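Chain by chain, the residues:
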Amino acid sequence: MAGARGAAAAAASAGSSTSSGTPPPQEPGLGELLEEFSRTQYRAKDCSGTGGSRVERIEKRCLELFGRDYCYSVIQNLNGDICGHYPQHIVFLEYESSEKEKDTFQSTVQVSKLQDLVNRSKMARCRGRFVCPVILFKGKHICRSATLAGWGELYGRTGYNYIFSGGADDAWADAEDITEEDCALRSSDTHLFDKVRGYDIKLLRYLSVKYICDLMVENKKVKFGMNVTSSEKVDKAQRYADFTLLSIPYPGCEFFKEYKDRDYMAEGLIFNWKQDYVDAPLSIPEFLTCSLNIDWSQYQTWDLVQQTQNYLKLLLSIINSDDDSGLLVHCISGWDRTPLFISLLRLSLWADGLIHTSLKPAEVLYLTVAYDWFLFGHMLVDRLSKGEEIFFFCFNFLKHIISEEFSSLKTQRRKSLPARDSGFTLEDICMLRRKDRGSTTSLGSDFSLVMESSPGAAGSFTYEAIELVPAGAQTQAAWRKSHSSSPQSVLWNRPQPSEDRLPSHQGLIEAKSSSSSSSNHSDNFFRIGSSPLEVPKTRLAALSERETRLQEVRSAFLAAYSSTVGLRAVAPSPSGAIGGLLEQFVRGVGLRGTSSSTL
């Protein structure tokens, strides 16, 4: 197997060559990262021994890559003291910087107070996965977290901490904060929720987060007949009414078993919205939808490609808006759907040259795999064993966001261009020809669409004050100081035309999965063979800078994945099925061609 893996890696590397014949540079540690990722789930408290040294190298590399373009502070999470599935060194990006500025770095945040606020707020979120900033864009923090903890988890964890800490409940931070009255009132839901969610709201405000995007398909997660999690959108006391709440239900990791079973074909794969547990409607404030030209009422007819594309467009439009507010994205636990969209946001903004500007494709790939997925606790081992390949979907999906309609430069260009008195130009006509890839059929299922013009009524509750100056305002000031006030001039590139979708979803759903079906209508690569693990060869047509950069990231991922996780995913089987799986992987890495083409 080792010899086969080495040959596969060589073939994959050769297959990832560009049209000029020069293979893209590879990140030396990416193979080791994927090996470790597919071996075990990251746990901050287990960073010792042989595995610990590998994890230390991974974390050190992440800090190095962040430091290329940013000055940052670190929230210490040694041994998982704050959260067991968050990095040991949580990066708090403060502002973009050059090499010269790093020598005179002055922090814009009081790390000790921020860490104290994090400790207080973590109880409000499922599994203690608190609101954590991970991307800095134009001075705005893009954050991730789990959803709100329900009373079952909250009482369970507070009771456990209280008993095993000798009565000094460290979940509430300082011992003097715990009074006899607090202990007596723990049977009161309102008091407990006011306290922990109050700290959560303080952290959100400190990070200047205004928009909260909830990817759950449920209002509350129910297990064994008990609500184990909640969400901001159903908070009875309206504590989060001052935030702009978006309910954008997206299928959980279980749905991606169907993606794998359909030969990794996302086109035509539509989630079943009629399932009993699905009770969260799409709910987006109207002022956020008017500029996107998307028919949101059809969301239950979208396939997985359309749904992911449209949600990404929504998130990009929010962070490109004129206000200075940050964004929070979360699902239930925050380690499947959340990293999917965080990773796509990071790579999309990087491809436009707007963040991580000094990182090469292999480097930004390493950073997002290591930091956004591995160090934030994605359970790749478990997901692979169940065939729930949302991790693979994320990077394979890059082929669907290469066009200029996903570019944030387009938004900046529109804002900076002066008004014109002339009629339509050729570029305008090209833009008008672009049509949304909406569905032409409907599943005919009933659904509820909620369009809101305001975030909701104001809540009326109080909580203790922590004297902290919002970091978002200071970050915004630092960003403005380092950027010119005059509009940035951007070349108007002719957008790449989108190809038409297949005429009917129904036909796609009823179609049998086959090796040839995994080729994609929006794929901009020549494919050799039929496996989704094939490393694409770029076509000869001229590519945009965004398209080239995302292609290189996807190629590097497929090469590394096929030579590590891909081959290792084949387990011994008494049946003859292993032959078909091995054949799939052999074709995927380019060791054997199809009947119509050979290498």
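Residues numbered from 1 in each chain as written. Predicted model: local features only at pLDDT ≥ 70, side-chain atom pairs only at ≥ 80, totals over all residues. Heavy atoms only, no water.

## A few points about the overall build of the protein
- Along its length, the protein carries 20 helices and 13 strands.
- When the 599 residues of the protein are sorted by exposure, 54% land in the buried category.
- A fraction of 78% describes how many contacts in the protein between residues 6 or more apart in sequence connect residues 24 or more apart.
- Of the roughly 25600 Å² of accessible surface on the protein, 53% is carried by carbon and sulfur atoms. (Helix = DSSP H or I, 4+ residues; strand = E, 2+ residues; numbered from the N terminus. Buried < 20%, exposed > 50% of the residue type's maximum accessible area, 1.4 Å probe, protein only. Contact = heavy atoms within 4.5 Å. Areas by Shrake-Rupley, 256 points an atom, 1.4 Å probe, with all protein chains shown as cover.)

## Examining the state of the cysteines
- Considering all chains together, one arrives at zero disulfides under this definition.
- Cysteine Cys126 shares no disulfide, and the gap to the nearest cysteine sulfur, in Cys331, comes to 9.2 Å.
- Cys126 sits in the buried class, given a relative accessible area of 5%. (Disulfide = S-S within 2.5 Å.)

## Brief notes about the packing of aromatic side chains
- Under the counting rule described, the total for this entry stands at 32 aromatic pairs.
- Ring centres of Trp296 and Tyr311 lie 6.5 Å apart, and the angle between their planes is 20°; on these two criteria the pair is classed as stacked. Placement of Trp296 in the loop between β9 (282-285) and α10 (304-319) and of Tyr311 in helix α10 is noted, with a sequence separation of 15 residues between them.
- For Trp296, a relative accessible area of 4% corresponds to the buried category. (Phe/Tyr/Trp six-rings, centres within 6.5 Å; stacked < 30°, edge-to-face > 60°.)

## A few points about the pairing of strand β4 (residues 140-145)
- In terms of burial, β4 is largely enclosed, as six of its six residues are buried.
- On β4, burial covers both faces: Lys140, Ile142 and Arg144 on one face and His141, Cys143 and Ser145 on the other are all buried.
- Of the pairings in the sheet, the one linking strand β3 (residues 132-137) to β4 comprises five bridges and is antiparallel in character. Bridge assignment links Ile135 to a residue of β4, and that residue is Ile142.
- Hairpin connection of β3 to β4: two residues between the antiparallel strands, including Lys138 at a positive phi of 55°.
- Bridge analysis of β4 against strand β10 (residues 326-330) gives four bridges, and the strand direction is parallel. (Pairing = 2+ DSSP bridges.)

## A short note on the environment of Leu312
- With respect to the helices and strands, the residue Leu312 is situated in helix α10.
- Judged by its relative accessible area of 0%, Leu312 falls in the buried class.
- Sequence separation between Leu312 and Ser348 is 36 residues, and the spatial gap between their C-alpha atoms is 9.5 Å.
- Once residues lying within four places of it in the same chain are set aside, the contact partners of Leu312 are Phe341, Leu344, Leu345, Ile401 and Phe406.

## Quick word on the side chain of Glu363
- Residue placement: Glu363 occurs in helix α12 (residues 361-374).
- Classification of Glu363 by relative accessible area gives buried; the value is 11%.
- When sequence neighbours within four positions are dropped, the list of residues in contact with Glu363 reads Glu27, Arg61, Leu65, Arg68 and Ser358.

## A closer look at the packing of helix α2 (residues 30-39) against α12
- Two elements in contact, α2 and α12, have axes separated by 10 Å at closest approach and are oriented at 20°. On the basis of the axis angle, α2 is roughly parallel to α12. Taken as a pair, α2 and α12 cross one another with a handedness that is left-handed. Along its contact with α2, which presents Leu30, Leu33, Leu34, Glu36 and Phe37, the element α12 presents Leu365, Tyr366, Val369, Ala370, Trp373 and Phe374.
- Its residues assigned to classes, the contact of α2 with α12 comprises ten nonpolar, no polar and one charged. (Axes fitted to C-alpha atoms, helices over the stretch in contact; angles between N-to-C directions. Parallel < 35°, antiparallel > 145°, perpendicular 65-115°, else oblique. Left-handed = near helix turned anticlockwise from the far one by under 90°. Nonpolar A, V, L, I, M, F, W, Y, C, P; charged D, E, K, R; others polar.)

## A short note on the packing of helix α11 (residues 337-351) against α12
- Closest axis-to-axis distance for the α11/α12 pair is 10 Å, and the angle between their directions is 155°. Between α11 and α12, the interaxial angle falls into the category roughly antiparallel. For α11 against α12, the interelement crossing comes out right-handed. Contacts from Pro339, Leu340, Ile342, Ser343, Arg346, Leu347 and Trp350 in α11 reach Pro361, Val364, Leu367, Thr368, Tyr371, Asp372 and Trp373 in α12.

## Details of the pairing of strand β2 (residues 89-96)
- Counting buried positions over the eight residues of β2 gives six, a clear majority of the element.
- For strand β1 (residues 70-76) and β2, the ladder comprises seven bridges, and the chain directions are antiparallel. Looking across to β2, one finds that Tyr72 is bridged to Leu93.

## Focus on the pattern of salt bridges
- If you walk through the whole model with that rule in mind, you get 23 salt bridges.
- The partner of Arg125 in a salt bridge is Glu232, with the nearest N and O atoms 2.8 Å apart. Linking Arg125 in the loop between α5 (111-121) and β3 with Glu232 in the loop between β7 (226-227) and β8 (244-247), this pair joins segments that are 107 residues apart in sequence. Like Arg125, the residue Glu232 is buried in the burial classification.
- Residue Glu405 is joined to Lys313 by a salt bridge in which the shortest nitrogen-to-oxygen separation is 2.9 Å. Of this pair, Glu405 sits in the loop between α14 (390-396) and α15 (408-416) while Lys313 sits in helix α10; the two residues are 92 residues apart in sequence, bridging distant segments of the chain.
- The exposure class assigned to Lys313 is buried, which follows from its relative accessible area of 12%.
- Connected through salt bridges with shared partners, the residues Arg61, Glu64, Arg68 and Glu363 form a single ionic network. (Salt bridge = Lys/Arg side-chain N within 4 Å of Asp/Glu carboxyl O.)

## Some thoughts on the nonpolar core
- Among the nonpolar cores identified, the biggest contains 125 residues, and Tyr311, Leu327, Tyr371, Phe391 and Phe395 are the most heavily contacted of them.
- With residues up to four places along the chain from it excluded, the contact list for Tyr311 reads Leu215, Ile248, Pro249, Tyr250, Leu282, Trp296, Tyr299, Trp302 and Phe341. (Core = buried A, V, L, I, M, F, W, Y, C linked by side-chain atoms within 4.5 Å.)

## Remarks on the confidence of the model for the protein
- Mean pLDDT for the protein: 72, with 58% of residues reaching 70 or above.
- Every residue in residues 158-187 is under pLDDT 50, and counting partners more than four places away or in other chains gives 40 contacts.
- Scored below 50 in pLDDT, residues 484-529 makes 98 contacts in the model with residues more than four places away or belonging to other chains. (pLDDT = per-residue confidence, 0-100.)

## Re the environment of Leu34
- Here Leu34 lies in helix α2.
- Among the residues examined, Leu34 registers a relative accessible area of 1% and is labelled buried.
- Along the primary structure Leu34 and Ala560 are separated by 526 residues, whereas in three dimensions their C-alpha atoms are 7.8 Å apart.
- Sequence-distant contacts of Leu34, that is, excluding residues within four places in its chain, are made with Val369, Phe391, Ala560, Tyr561, Thr564 and Val565.

## Considerations on unusual backbone geometry
- In this structure, Lys138 takes a positive phi of about 55° despite not being glycine.
- In this fold, Lys138 is placed in the loop between β3 and β4.
- For Lys138, a relative accessible area of 17% corresponds to the buried category.
- The residue Asp263 is not glycine, and still its phi comes out positive at about 60°.
- A residue is classified by how much of its surface remains accessible, and Asp263, at 15% relative accessible area, is buried.

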